[in-house]
Amino acid sequence: MRFKKVYVEITNVCNLSCVFCPGTKRKKAFMTAGDFETAAKKLRPFTDHIYPHLMGEPLCHPEFPLILDIAEKNGFNVIITTNGTLLSKQEQTLLESRALKRVNISLHSFEATAQQRTIEEYLYGCLSFAKKAEGKTIIFLRLWNNGGMDAKNEDIKGVIAYYFPLPWTDSRNGAKIGENVFIEYGSRFDWPDIESENEGENVFCYGLRDQIGILCDGTVVPCCLDSDGNIPLGNIFTEELEDILQKPRATALYNGFSARKAAEELCRKCGYAKRFG
């Protein structure tokens, strides 16, 4: 089995507290560079693409440059998702990496930056990096806040236009604004919560099909939305991934989705899965 993406949570620590993010009840932790290398070697036969994020802000990891080097040494393409506040701190590392293929900057994180800096200061840090990275890697400026604080998006786009002048090329979900630089719009969605109401068992998901997640303690979960590890399938540090994927719980989950049925309680409470019908 090959996955299009594997989310490796190098930390569940974040420097922001965004209203759209559920956070995690798990103990705050950082995956060591050594443990990341163990995971990377075991994952290499299963994917070409690592996303060093599930919960947490990856750029706050104290060994982030070393982790990026390990990913490069093992031949991975790396896709970063960040709230953007630490891009200036890690700028040189990111711009010089040959493994880095894409950076998703969650501009809707401006909702949580007000106590630390103005929106203009926040956007300056994000867009300065995007401008320097233009043509070197793919940049997506995400405004996934339809149904949230999207009233400010026109003002935000006005600031973006200072760095990436109009005209832009519109697309279905956003616009191309520079060389491999894009704005991407999206709606806020409800993360799955084991305590929330059941939304029904008729669910399909790409978890265990095109993606899996690895929490910072090595726990393997079926997707990037299992923020509290409610569906632990095994541990990448102590087991082989092939063995984990053949366990009864993993196969029941996979076969259930094949039949458009959710085998796990958490999946029956996932608003995002409803997007797949």
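Rules of the game
Residues numbered from 1 in each chain as written. Predicted model: local features only at pLDDT ≥ 70, side-chain atom pairs only at ≥ 80, totals over all residues. Heavy atoms only, no water. Helix = DSSP H or I, 4+ residues; strand = E, 2+ residues; numbered from the N terminus. Polar contact = N/O pair within 3.5 Å; in protein donor to acceptor, adjacent residues only side chain to side chain. Contact = heavy atoms within 4.5 Å. Core = buried A, V, L, I, M, F, W, Y, C linked by side-chain atoms within 4.5 Å. Buried < 20%, exposed > 50% of the residue type's maximum accessible area, 1.4 Å probe, protein only. Pairing = 2+ DSSP bridges. Right-handed = clockwise from strand over helix to strand, strands pointing away. Axes fitted to C-alpha atoms, helices over the stretch in contact; angles between N-to-C directions. Parallel < 35°, antiparallel > 145°, perpendicular 65-115°, else oblique. Left-handed = near helix turned anticlockwise from the far one by under 90°. Nonpolar A, V, L, I, M, F, W, Y, C, P; charged D, E, K, R; others polar. Arc of directions from axis to C-beta. Salt bridge = Lys/Arg side-chain N within 4 Å of Asp/Glu carboxyl O.

Novice: Mind showing me how you'd approach the side chain of Asn12 here?
Specialist: Here Asn12 is to be found in the loop between strand E1 (5–8) and helix H1 (33–43). A polar contact is formed between the side chain of Asn12 and the backbone oxygen of Lys27, at a distance of 2.9 Å. Within polar-contact distance, the side chain of Asn12 engages the backbone nitrogen of Ala29 at 2.8 Å. Beyond its immediate chain neighbours, meaning those up to four positions away, Asn12 contacts Thr24, Arg26, Lys27, Lys28, Ala29, Met55, Gly56 and Cys216.

Novice: Is there a simple way to think about the environment of Thr24 in this case?
Specialist: Looking at the element boundaries, Thr24 is found in the loop between E1 and H1. On a C-alpha basis, the gap between Thr24 and Thr38 in space is 24 Å, while along the polypeptide they are 14 residues apart. Excluding its chain neighbours within four sequence positions, the residues that come into contact with Thr24 are Asn12, Met55, Ser227 and Asp228. Engagement of the side chain of Thr24 in a polar contact is seen with the backbone nitrogen of Arg26, the distance being 3.1 Å. In this structure the side chain of Thr24 is engaged in a polar contact, spanning 2.9 Å, whose partner is the backbone oxygen of Ser227.

Novice: Mind showing me how you'd approach the nonpolar core here?
Specialist: A general trend in soluble globular proteins is that nonpolar side chains are found buried together. Formed by 70 residues in total, the largest nonpolar core has its most connected members in Phe36, Leu43, Leu107, Leu141, Ile160 and Leu241. Element by element, the count of residues in this core is highest for helix H4 (residues 119–133), at seven residues. The contact partners of Leu241, leaving out residues within four places of it in the chain, are Phe3, Leu43, Phe46, Ile212, Val220 and Ile236. If you look at the next biggest cluster of nonpolar residues, it comprises 11 residues, including Ile79, Leu215, Cys223 and Cys270.

Novice: What exactly am I supposed to notice about the environment of Leu16 here?
Specialist: Here Leu16 lies in the loop between E1 and H1. For Leu16, a relative accessible area of 11% translates into the label buried.

Novice: What exactly am I supposed to notice about the pairing of E1 here?
Specialist: For a regular strand, side-chain orientation follows a simple rule: the groups alternate between the two sheet faces. Here E1 pairs with strand E9 (residues 211–214) via four bridges, running parallel. Looking at E9, one finds that Tyr7 is bridged to Gly213. Here two bridges tie E1 to strand E2 (residues 49–51), and the two strands are oriented parallel to one another. Counted as the bridge partner of Val6 is Ile50 from E2. Remark: the E1/H1/E2 crossover connection has right-handed handedness.

Novice: Is there a simple way to think about the side chain of Asn145 in this case?
Specialist: Looking at the secondary structure, you find Asn145 in strand E5 (residues 138–146). Given the relative accessible area of 0%, Asn145 is considered buried. Engagement of the side chain of Asn145 in a polar contact is seen with the backbone oxygen of Met149, the distance being 3.5 Å. Each residue touching Asn145, except ones within four places of it in the same chain, is listed here: His108, Phe110, Glu111, Asp150, Asn153, Gly186 and Arg188.

Novice: Before we go on, may I ask you to explain the packing of H1 against helix H2 (residues 64–73) in this structure?
Specialist: Each pair of packed helices gets described by two things: the angle between the helix axes and the distance between those axes. At a minimum axis separation of 10 Å, H1 and H2 run at an interaxial angle of 20°. It follows that H1 is roughly parallel to H2 by the angle criterion. Remark: the crossing between H1 and H2 carries right-handed chirality. Listed contacts from H2 to Ala33, Phe36 and Glu37 of H1 are Leu66, Ile67, Ile70, Ala71 and Lys73. Across the contact of H1 with H2, the residue classes break down as six nonpolar, no polar and two charged.

Novice: Could you clarify how one ought to interpret H1 in this entry?
Specialist: Residues separated by three or four positions in an α-helix point in the same direction, a consequence of the helix having 3.6 residues per turn. Regarding H1, the residues found buried are Ala33, Phe36, Glu37, Ala39, Ala40, Lys42 and Leu43. The inward-facing, buried residues of H1 abut E1, E2, H2, E9 and helix H6 (241–245).

Novice: Could you clarify how one ought to interpret H2 in this entry?
Specialist: Looking at H2, one finds that the buried residues are Phe64, Ile67, Leu68, Ile70 and Ala71. Looking straight down H2, one finds its buried side chains confined to an arc of 160°; they lie on one side. In this structure, the buried residues of H2 make contact with H1, strand E3 (77–82) and helix H3 (91–96). Gly75 sits one or two residues past H2 and shows a positive phi near 80°.

Novice: I tried to follow the pattern of salt bridges on my own but got confused; where do I start?
Specialist: Any two side chains of opposite charge can pair, on the condition that their charged atoms come close. Inspection of the entire model under this criterion finds 14 salt bridges. For the salt bridge of Asp48 with Arg2, the shortest nitrogen-to-oxygen distance reads 3.0 Å. Placement of the pair is Asp48 in the loop between H1 and E2 and Arg2 in the segment before E1, with a sequence separation of 46 residues. Since its relative accessible area comes to 44%, Arg2 is described here as partly exposed. The salt bridge involving Glu91 is made with Lys132; its shortest N-O contact spans 3.0 Å. Here Glu91, found in helix H3, pairs with Lys132, found in helix H4; they are 41 residues apart in sequence, far enough to count as distant. Judged by its relative accessible area of 43%, Lys132 is partly exposed. Among the ionic contacts, a cluster of salt bridges with common partners joins Arg2, Arg44 and Asp48.

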